[in-house]
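# A closer look at the structure
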Amino acid sequence: MSSPLLLLAIPVATAVATAMGPERAAKWTAFVGTLAAFAASVVMAVQFPEWHSGAFWPESVEGSALQAFGVSVTLGGDSVSMLLLLLTTFMMPMTIAGSFTAITERQREYYTWFMLLEAGVLLAFLARDFVAFYVGYEFTLIPMYFLISIWGGPQRRAAAIKFFVFTFLGSVFTLAAAIYVAARHADMTGVWDFSLATLTAFGSEHMTATEQFWVFLGLMAGFAVKTPIFPVHTWLPLAHDQAPTGGSVILAALLLKLGTYGVYRIAMPVAPSGAVETATFFGILGILAILVTAMICWVQTDVKKLIAYSSVSHMGFVIMGLFAFNPVGMQGAVMYMVSHGLSTGAMFLCIGMMYERFHTKEMDQMSGLARRMPVWGTFMVLFTLASLGLPGLNGFVGEFLCLMGTFVAEHDQPAGYPGVMGPWFAVVAAVGLILGAMYLLIMLGKVVWGPLKVPGASADPHEHAHGDVGHGGLPRDLNFREIALLAPLAVACLAIGVYPRIMLDVTEPSVRETLVAYPARVNQHNAERGLANPAQGRGVAGAGSTKTEVRP
Amino acid sequence: MNTAVEMATATATATASPAVTVALAFSAVLFGIGLVGFLVRRNMILMFLCTELMLQAAAIAFIAFGRMRMDLGGQVFVIFILTVAAAEAALALGLVVLLYRRRETLSAESWQELHE
Amino acid sequence: MNLLPLVLAAGDDAGHGSLANAAIPVATAAPELAWLGWVLALPAISACLCGLLAALRVRNKLPAVLTVLALGTAFALILKVYLSRGPDAAPVIVHLWDWMNFSWGEGPWKSFQADVSLYLDSLTLLWMLFVTGLGTLIAVFASEYMEGERGPGYARFFFGVSIFLLAMSALVMADNLVLLYLGWEGVGLASYLLIGFYYQKPSAVAAAKKAFIMNRVGDLGLAVGIWLIWVNYGTVEYSALFQAFTEGGGAQGGWDRALIPFCLMLGAFGKSAQLPLFTWLPDAMEGPTPVSALIHAATMVTAGVYLIARMQPLFMLHPDAMATVAWIGGLTALLAATIGMAQHDIKRVFAYSTVSQLGYMFMGLGVGTAFGAAYHVFTHAFFKALLFLTAGAVMHGFAGQLDLRKLSGLRRVPGFGVVCWTMLLGSLALAAFPFTSGFLSKDLILVQAFSEPRFVALGWLGLATAGLTAYYTFRVWFRVCAGPVAYTPGEEAHGDHGDHAHHGHADHAGGFHPHAPRLAINGVLLLIAVGVLLSAVPGYMALRGEHNWVQEMVYHSTAVRAAGVAHVTTPVAFGLDPHGLVTVFGIGLGLGGILVALWLHLLDRRMADRLRTALRSNPLTGWLPTCMENKWYVDQIYDVAFRQAAWITSHLLHFFDRHLIDGLLVNGFGRLPMMMGRLFQPLYNGALQGYATTMAGGLILVLAWVAWRWLGAGGLA
């Protein structure tokens with residue numbers, strides 16, 4: 001049995017075991033299952049031979065359905081997939097452990113849906129066939145729908161329906177675009193094949209520029225809603241607000257990455273000239289995402305909605321990094337994907353712990369919680385700083401490289417990279433750094449720092465009569481389980497910040513492979529459209545010629 | 001048997017003789033009268049009457065086409081239509097009686113519950 | 001290498017002309033110095049341990065001990081490396097580990113290298129010596145000062161101090177701009193944590209937030225500067241960069257190259273509290289006083305000066321940038337001095353004084369003497385730290401009282417002798433009393449300013465500010481330490497936890513007894529006072545034309561091109577050459593300021609109030625005291641122009657997002673099927689004849705179409 005299949009089988013088996021087992025053992029079964037999945041993913045990572053080559057492994061064909069249409073379940077990953085896989089299997093046990101005391105009814109169902117969610121996400125990251133990817137990608141909507149609509153907040157049904165319908169609507173365009181590419185391939189070669197390798201090779205080489213443009217937009221429709229990119233992001237704050245903690249964590253940490261992963265793995269390789277043509281448009285949307293949602297964050301009163309909008313803001317950076325079309329930007333984007341998953345997932349876990357104790361997320365009702373929960377306060381400050389991009393923590397590397405990639409995007413044209421964004425995009429986007437600091441520090445100032453105000457309690461800050469037990473049977477500050485699940489996240493944030501090479505080294509070959517087709521395709525596209533070939537060089541402010549003089 | 005052969009050879013050449021044309025026109029007019037009547041009338045029995053008219057118009061059209069193609073199938077079909085019409089009349093009038101008993105009126109407007 | 005006599009003997013513009021193309025020393029790798037990584041590791045370890053102690057709720061002074069040990073050892077290591085090398089050794093690079101390091105091909109912009117490596121030249125060592133030295137001393141001071149917070153708060157304080165030292169060391173010793181940026185933001189973080197140390201006070205939380213965000217605005221400039229440097233020079237590492245500067249990669253190049261110094265300048269101004277990003281520094285006084293002394297007087301705020309001094313060769317290629325730096329520095333100095341004259345809180349006065357002195361340092365950099373600026377950094381670090389620490393001792397002893405209207409004659413209060421006399425020494429240095437360190441360092445800067453025709457106005461500005469400086473400094477001293485003994489205790493000293501009972505002894509029957517400082521505080525004050533005295537030596541030697549230690553250090557660093565001081569002998573004004581001019585007017589204005597302060601604040605204290613009332617009642621000058629007391633309304637202007645504008649914009653965008661994008665487009669789109677359904681709903685009214693009509697209508701349409709096609713195809717023919 002190949003390791004990807006084993007890895008997929010574990011969550012499914014755990015789901016079955018949880019569903020059929022007793023109610024009280026559900027959370028433990030799920031927890032053990034996620035740990036087993038993590039272990040299996042580590043084993044697979046150790047076995048993975050292609051960390052430094054950008055190739056895919058193992059490309060194992062696990063079966064085929066609809067053979068006439070070339071659909072087969074081919075599994076495999078490259079280094080970027082492996083990183084996202086590890087992120088998934090790392091976050092899941094934390095999320096399960098974080099839900100232990102939060103979910104008290106219908107626990108079996110809850111954990112079963114979680115395991116199925118994990119299976120879907122893993123399938124999407126491991127798929128080498130478009131239909132398998134799409135199945136995994138869409139399948140995650142179902143458990144998420146149930147998670148939100150059963151265990152969520154007061155408006156859970158509306159949130160769940162909106163989330164489902166909106167994402168699904170975008171995804172059908174993705175499916176249509178992919179089917180178009182496959183149909184063209186079938187026209188040309190007479191064979192139907194949905195494998196990503198074939199679609200990529202065919203799409204980038206044999207489709208005309210116009211086709212690539214429309215195919216790209218179609219593919220992006222689904223991924224844009226999932227990422228989410230600015231105008232189509234409104235499902236996210238509502239979904240986060242109403243979802244239970246575990247659901248929010250997975251939504252922010254993993255499901256959002258499916259969108260950007262789709263852009264990286266499918267949209268960009270299949271339709272490169274479409275990507276280049278629309279890069280300015282998506283760059284502007286990225287900037288709008290960064291700036292507009294940052295300002296919206298500032299006036300939020302609900303802390304989960306604030307973090308949700310901040311996720312949109314951060315994904316704006318990822319989009320800009322991806323559309324910079326140079327290795328700096330794309331590596332930054334991949335790094336930021338993983339970093340954001342860790343830090344925002346951790347922040348949602350922290351907020352969930354606070355919510356379990358105080359049953360409110362309104363920032364007006366609480367203040368100065370660090371006095372009562374210093375350990376929690378420390379973690380919250382740490383993850384907020386990671387989110388805000390403080391150097392030394394993981395967010396900085398991703399953010400900095402994304403912006404740098406955008407800044408030099410045009411300059412790489414002599415080298416053949418077709419970047420179209422330029423310094424101004426980066427400078428405007430970098431204002432997002434300031435805004436990010438602003439709203440996150442305002443959030444900290446309202447929730448963590450300040451005079452103590454416990455929601456719903458009396459005004460006496462020295463409530464010794466309450467003992468050490470807070471609300472909901474939980475101790476006032478974090479208990480061992482909660483610390484044990486936040487600590488690895490903190491360590492990961494710090495480690496990636498201090499030694500980002502562990503990720504930069506392995507993402508580089510993959511990014512190189514993704515970009516390798518670009519210069520040729522873009523030249524072809526420009527030739528088709530009668531445009532000048534960008535490889536003739538175009539410096540900034542006429543300083544192109546002098547730049548070559550001062551090479552150290 | 002010569003008539004049969006004659007009729008068979010005449011099948012290929014479908015001509016619209018004046019008689020056929022008149023019959024088709026008559027059928028169309030009858031159908032139109034029936035249709036308009038059905039749409040305008042409120043009395044259920046009269047609506048049913050108009051339905052029967054439309055049906056008979058179709059029967060006449062069958063005869064006309066049968067004559068045009070020298071095919072006796074048209075006339076055979078008319079027998080079917082008459083039979084079906086009779087059966088259907090029985091059912092329909094039975095339903096009308098039941099409906100009348102409910103609302104004490106034969107007006108079709110009194111029954112509008114099946115709406116969106 | 002004793003080049004200075006040559007330099008000095010060369011006559012007009014000597015220091016300027018012959019050094020302008022001096023070679024920037026080339027750095028070599030020195031892996032044998034990898035043990036210097038401990039300078040970074042030690043504060044990191046002490047930070048972790050302090051964090052652990054905070055979690056364990058330890059109640060003794062162990063965090064302080066650990067921090068002092070770590071910082072002291074770091075200082076010792078720096079001292080060791082300095083002594084083993086000497087000031088004229090070539091710079092070395094010590095590679096610790098790869099940080100962001102990748103390449104994707106050959107050619108321009110195909111590789112990016114920013115490692116955790118140290119770049120040690122004499123400028124680095126100069127900075128590190130006083131950063132680690134003062135850091136250690138102030139940590140000792142704080143061990144006693146913060147003892148009321150023993151417990152998690154105490155450990156948290158020293159955690160912050162350790163993080164600060166880690167970040168500052170990274171900033172100063174970095175060998176590339178990205179690691180500098182890490183240190184840059186790290187000191188911002190430490191500042192945030194420490195200003196907001198008393199986090200239960202909303203004013204402290206707000207001040208911490210303001211500091212971080214204003215720094216971030218500057219950091220944006222720094223980041224853009226780094227990117228521009230990478231794009232234009234292909235590297236962010238110092239050694240390669242300076243080689244590029246030397247090879248003449250210079251004045252030509254587009255506007256983007258000219259923009260680099262302006263971007264870096266913005267970062268420096270944010271960090272060093274210059275116009276327009278200075279309002280965070282006075283608010284930062286919400287933090288405990290050792291924090292103000294260490295971070296906001298001596299070390300963090302000099303990071304901006306360090307950046308510009310380090311990038312001096314780049315700046316010298318762009319005279320406009322230099323002029324901008326000089327003018328902003330000068331204007332900030334004047335503005336801050338005017339505000340400082342009208343404040344009543346001692347720490348606020350010193351804070352504005354810091355802003356003002358930083359302005360001098362930038363002026364020095366801008367007029368072309370990095371040596372003068374570096375020397376002023378060095379002297380200012382000592383005397384300003386001393387002043388803040390004395391203010392802290394006063395605060396510690398008088399339950400948080402810092403209003404200079406409520407304290408008087410403290411030199412006669414038992415136990416406060418050391419405090420008052422060291423405060424006098426610091427004040428003399430700040431006021432540039434002849435031959436104190438402050439006088440000598442300011443002298444260098446102003447002489448250079450007067451030596452260049454385009455900066456003469458700036459020189460006068462500097463002199464005027466020096467007069468004001470002397471006035472407000474001695475206003476504090478005469479009010480607080482001299483005169484009749486009288487004091488009112490403050491309300492609280494260290495936040496409102498209520499779980500310590502040491503501040504003041506107000507529970508005594510007789511009233512309030514001041515809490516005299518003990519060994520840790522007095523000892524540190526004396527040590528730093530010695531430092532203030534000793535720091536005058538290099539300046540004195542520069543005055544006599546001998547080579548001195550600070551100038552050597554600057555000369556052998558990348559700031560070599562601005563390591564001299566001009567010796568112009570042509571008269572500039574009043575028949576005096578620059579040196580004479582500065583001496584005469586400097587001494588005159590300084591003594592004048594001290595005398596005015598003496599008159600208004602010692603001899604006849606009500607005179608100050610009468611003067612103020614007179615000024616306010618006169619319509620021509622009425623605005624002056626009001627504006628000065630209200631800090632020229634800068635905070636209010638920023639509040640309206642930025643905060644409120646942003647707040648309104650945010651609400652508008654939120655409205656737009658919720659109601660237009662979400663409401664109209666998304667939900668509206670979702671309602672489309674429903675609306676379309678309603679459009680057709682009247683057809684399904686349950687009326688039988690309605691259905692029949694529809695059917696008939698459809699049938700007729702189909703027939704019509706068939707007929708049309710049939711006729712069109714020649715059906716009737």
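The model shown is predicted, which means the values in this text are computed figures rather than measured ones.

## Some words on the overall build of chain A
A count of helical and extended segments in chain A gives 22 helices and 2 strands. Counting over 552 residues, chain A shows a buried share of 67%. Considering only contacts in chain A between residues 6 or more positions apart, those separated by 24 or more positions represent 79%. When the accessible surface of chain A is totalled, it reaches about 16,800 Å², and 66% of it is carbon and sulfur.

## Some points on the packing of helix 16 (residues 374–388) of chain A against helix 19 (residues 480–498) of chain A
Residue and element names in this part refer to chain A. Running from amino to carboxyl end, helix 16 crosses helix 19 at an angle of 30 degrees, the nearest separation of the two axes being 11 Å. By the criterion of interaxial angle, the relationship of helix 16 to helix 19 is roughly parallel. Here helix 16 runs over helix 19; the crossing is left-handed. Across the interface between the two elements, Val 375, Phe 379, Leu 382, Phe 383 and Ala 386 of helix 16 pack against Ile 483, Leu 486, Ala 487, Leu 489, Ala 490 and Cys 493 of helix 19. In terms of residue class, the contact of helix 16 with helix 19 is made up of 11 nonpolar, no polar and no charged.

## Some details on the interface of chain C and chain B
Accessible area lost upon the coming together of the parts is a frequently used measure of interface size. Counting residues at the interface gives 11 residues for chain C and 13 residues for chain B. Counting across the interface, chain C meets chain B through 0 salt bridges. The interface formed by chain C and chain B contains 3 residue pairs in polar contact (both at pLDDT 80 or more). Classifying every residue of the side of chain C that touches chain B gives 6 nonpolar, 5 polar and no charged.

## Observations concerning the packing of aromatic side chains
Residues and elements named next belong to chain A. Applying the stated criterion across every chain, the model contains 63 aromatic pairs over all chains. Judged by centre distance (5.0 Å) and plane angle (55 degrees), the ring pair of Tyr 110 and Phe 114 falls under tilted. Residue Tyr 110 and its partner Phe 114 are both found in helix 4 (residues 107–126); the two are separated by 4 residues, about one turn of the helix. Taking relative accessible area as the criterion, Tyr 110 reaches 0% and is therefore assigned buried. On the basis of relative accessible area, Phe 114 is assigned to the buried category, the value being 1%.

## Observations regarding the arrangement of the chains
When the 2 pairs of chains in contact are compared, the highest contact count belongs to chains A and C. Here chain A and chain B are not in contact; the least distance found between their C-alpha atoms is 24 Å.

## Let's talk about the pattern of salt bridges
This model, assessed by the stated rule, comprises 26 salt bridges over all chains. The shortest N-O distance in the salt bridge between A:Arg265 and A:Asp78 comes to 2.4 Å. With A:Arg265 in helix 11 (residues 245–270) and A:Asp78 in the loop between strand 2 (71–77) and helix 3 (79–98), this residue pair connects regions lying 187 residues apart in the sequence. What makes A:Arg265 buried here is its relative accessible area of 6%. On the basis of relative accessibility, which here comes to 1%, the residue A:Asp78 falls in the buried class. In this structure, C:Asp403 engages C:Arg405 in a salt bridge whose closest nitrogen and oxygen atoms are separated by 3.0 Å. Taking relative accessible area as the criterion, C:Asp403 reaches 12% and is therefore assigned buried. Taken together, the shared-partner salt bridges connect C:Lys61, C:Glu144, C:Glu147 and C:Arg518 into one network.

## Topic: the sheet that holds strand 3 (residues 111–120) of chain C
Spatial ordering of the open sheet is given by 1-2-3 (chain C), a layout of 3 strands whose pairing is mixed. Pairing within the sheet leaves two strands with one partner each, and these edge strands are strand 1 (28–29) and strand 3 of chain C.

## Looking at a nonpolar patch on the surface
Together, A:Phe168, A:Leu169, A:Val172, A:Phe173, C:Phe669, C:Leu672 and C:Met675 make up an exposed nonpolar region whose accessible area comes to about 630 Å². Looking at the nonpolar patch, the elements with two or more residues in it are helix 7 (156–189) of chain A together with helix 27 (634–680) of chain C. Per-element tally for the nonpolar patch: the top contributor is helix 7 of chain A, with 4 residues. Summarising the element assignment, A:Leu169 is placed in helix 7.

## Re the environment of A:Gly329
All names here are of chain A. Residue position: Gly 329 is located in helix 15 (residues 327–358). Overall, Gly 329 belongs to the buried group, its relative accessible area being 0%. Distance in space between the C-alpha atoms of Gly 329 and Phe 407 is 9.0 Å, their sequence separation being 78 residues. Here Gly 329 is in contact with Gly 321, Leu 322, Ala 324, Leu 401, Cys 402 and Gly 405, once residues within four sequence places are set aside.

## Quick look at the nonpolar core
Ranked by size, the top nonpolar core spans 428 residues in total, and within it A:Phe323, A:Trp376, C:Met100 and C:Trp127 carry the most contacts. For this core, the leading source of residues is helix 17 (residues 370–397) of chain C, giving 19 residues. Here this core spans two domains, and each of domain 1 (25–250) and domain 2 (319–492 + 517–629) of chain C adds at least three residues to it. By size, the runner-up hydrophobic cluster in this structure holds 20 residues, among which are C:Val367, C:Phe455, C:Ala573 and C:Leu581.

Definitions and limits used
Residues numbered from 1 in each chain as written. Chains lettered and ligands numbered in written order. Predicted model: local features only at pLDDT ≥ 70, side-chain atom pairs only at ≥ 80, totals over all residues. Heavy atoms only, no water. Helix = DSSP H or I, 4+ residues; strand = E, 2+ residues; numbered from the N terminus. Buried < 20%, exposed > 50% of the residue type's maximum accessible area, 1.4 Å probe, protein only. Contact = heavy atoms within 4.5 Å. Areas by Shrake-Rupley, 256 points an atom, 1.4 Å probe, with all protein chains shown as cover. Axes fitted to C-alpha atoms, helices over the stretch in contact; angles between N-to-C directions. Parallel < 35°, antiparallel > 145°, perpendicular 65-115°, else oblique. Left-handed = near helix turned anticlockwise from the far one by under 90°. Nonpolar A, V, L, I, M, F, W, Y, C, P; charged D, E, K, R; others polar. Salt bridge = Lys/Arg side-chain N within 4 Å of Asp/Glu carboxyl O. Polar contact = N/O pair within 3.5 Å; in protein donor to acceptor, adjacent residues only side chain to side chain. Phe/Tyr/Trp six-rings, centres within 6.5 Å; stacked < 30°, edge-to-face > 60°. Pairing = 2+ DSSP bridges. Patch = residues over 30% accessible without salt bridge, like charges linked within 9 Å, V, L, I, M, F, W, Y side chains within 5 Å. Core = buried A, V, L, I, M, F, W, Y, C linked by side-chain atoms within 4.5 Å. Domains from an automatic or database assignment.

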